[in-house]
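# Chains, contacts and geometry: an overview
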Amino acid sequence: HQLDTVQKLDRFRKTEGTYRYYIPATGDYRWYHLEANLIANAEMGELAYFHYTDVDDLKKAEAAMQVNYRRYVLSVKGAHLAVWEYDIKTKRLTMPSGIDGAYTLNRYGFPSNVIENVPEAMLPLGVSELDRVNFLALYDELKTGKEYVTGDFWFRISENDEPHCERITYYVTKDSSGRPE
């Protein structure tokens, strides 16, 4: 790693990177971010300036977040849940990347993990006639700022598909002024 930094510094006059260093005094490894600059000096030739920042705590926090996210994804898959985000302002439904399995938007005939103009765009997907009014009302409730909305709705994706009931639940996040985000 250090040789690579010196080679880049010699070639580009400036480089940076994050490296894991062994600390002999403690017998541990720590993460450091290194920024290096090569500056010409008339009296001394070229001077190399190195700035190290200890980023060990940050790297450990990132690693812990990755472990927690992998656990979350496995839990969602194991529970056969679909996790979607709905943007109240844009009326866009998005399935976050990394969440897949049996419940993808492709299952409903959408080519990507984004549906625009929700809830209206979902009505042709087989929301039963009896549930349409309540289905639209659920999304109207979201706009009011209610923190939690849920409903059970019957869907029939295609004529060959058996009708099935899905529970849709939203937890609303709010901006600093208390308005739904």
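Presented here is a report on the structure given in the accompanying data block.

Rules and cut-offs
- Residues numbered from 1 in each chain as written.
- Predicted model: local features only at pLDDT ≥ 70, side-chain atom pairs only at ≥ 80, totals over all residues.
- Heavy atoms only, no water.
- Helix = DSSP H or I, 4+ residues; strand = E, 2+ residues; numbered from the N terminus.
- Buried < 20%, exposed > 50% of the residue type's maximum accessible area, 1.4 Å probe, protein only.
- Contact = heavy atoms within 4.5 Å.
- Areas by Shrake-Rupley, 256 points an atom, 1.4 Å probe, with all protein chains shown as cover.
- Polar contact = N/O pair within 3.5 Å; in protein donor to acceptor, adjacent residues only side chain to side chain.
- Phe/Tyr/Trp six-rings, centres within 6.5 Å; stacked < 30°, edge-to-face > 60°.
- Lys NZ or Arg CZ within 6 Å of the ring centre and 35° of its normal.
- Salt bridge = Lys/Arg side-chain N within 4 Å of Asp/Glu carboxyl O.

## Here's the deal with the overall build of the protein
- Each helix and strand in the protein was counted, giving three helices and eight strands.
- Overall, the protein shows an N-to-C arrangement of helices and strands of α-β-β-β-α-β-β-β-α-β-β.
- Relative to its 181 residues, the protein shows a buried fraction of 28%.
- Of the contacts formed within the protein by residues at least 6 apart in sequence, a portion of 32% connects residues at least 24 apart.
- Here the protein displays about 12500 Å² of accessible surface, and carbon together with sulfur accounts for 53% of that area.

## Some remarks on the side chain of His33
- Mapped onto the elements, His33 comes out in strand E2 (residues 28-41).
- Among the polar contacts made by the side chain of His33, one reaches the side chain of Thr18 at a distance of 2.9 Å.
- Those residues within four positions of His33 in sequence are excluded, and the remaining contacts are Glu16, Gly17, Thr18, His51, Tyr52, Thr53 and Val55.

## What about the packing of aromatic side chains?
- Counted under the stated rule, the structure contains 12 aromatic pairs.
- Centre to centre, the rings of Tyr139 and Tyr170 are 5.6 Å apart; their planes meet at 65°, and the pair counts as edge-to-face. On the criterion of sequence distance, the pair formed by Tyr139 in helix H3 (residues 132-143) and Tyr170 in strand E8 (residues 164-171) is long-range, its members being 31 residues apart. For the pair shown, Tyr139 and Tyr170 are each scored as buried.
- Among the aromatic residues, ring-to-ring pairing joins Tyr86, Phe135, Tyr139, Phe153, Phe155 and Tyr170 into one connected group.
- Cation over ring: Lys59 sits above Trp31, and NZ or CZ is 4.6 Å from the ring centre.

## As for the pattern of salt bridges
- By the definition in use, this model includes 11 salt bridges.
- Residues Arg30 and Asp56 are paired through a salt bridge, measuring 3.4 Å at the closest nitrogen-oxygen approach. In this pair, Arg30 sits in strand E2 while Asp56 sits in helix H2 (residues 56-78), placing the two residues 26 residues apart along the sequence.
- Classification of Arg30 as partly exposed rests on a relative accessible area of 25%.
- Residues Lys143 and Asp140 are paired through a salt bridge, measuring 3.6 Å at the closest nitrogen-oxygen approach. Within this pair, Lys143 and its partner Asp140 are both found in helix H3, separated by three residues, close to a single helical turn.
- The exposure class of Lys143 is partly exposed, given its relative accessible area of 48%.
- Judged by its relative accessible area of 42%, Asp140 falls in the partly exposed class.
- Members of the salt-bridge network, linked through shared partners, are Arg30, Asp54, Asp56 and Lys60.

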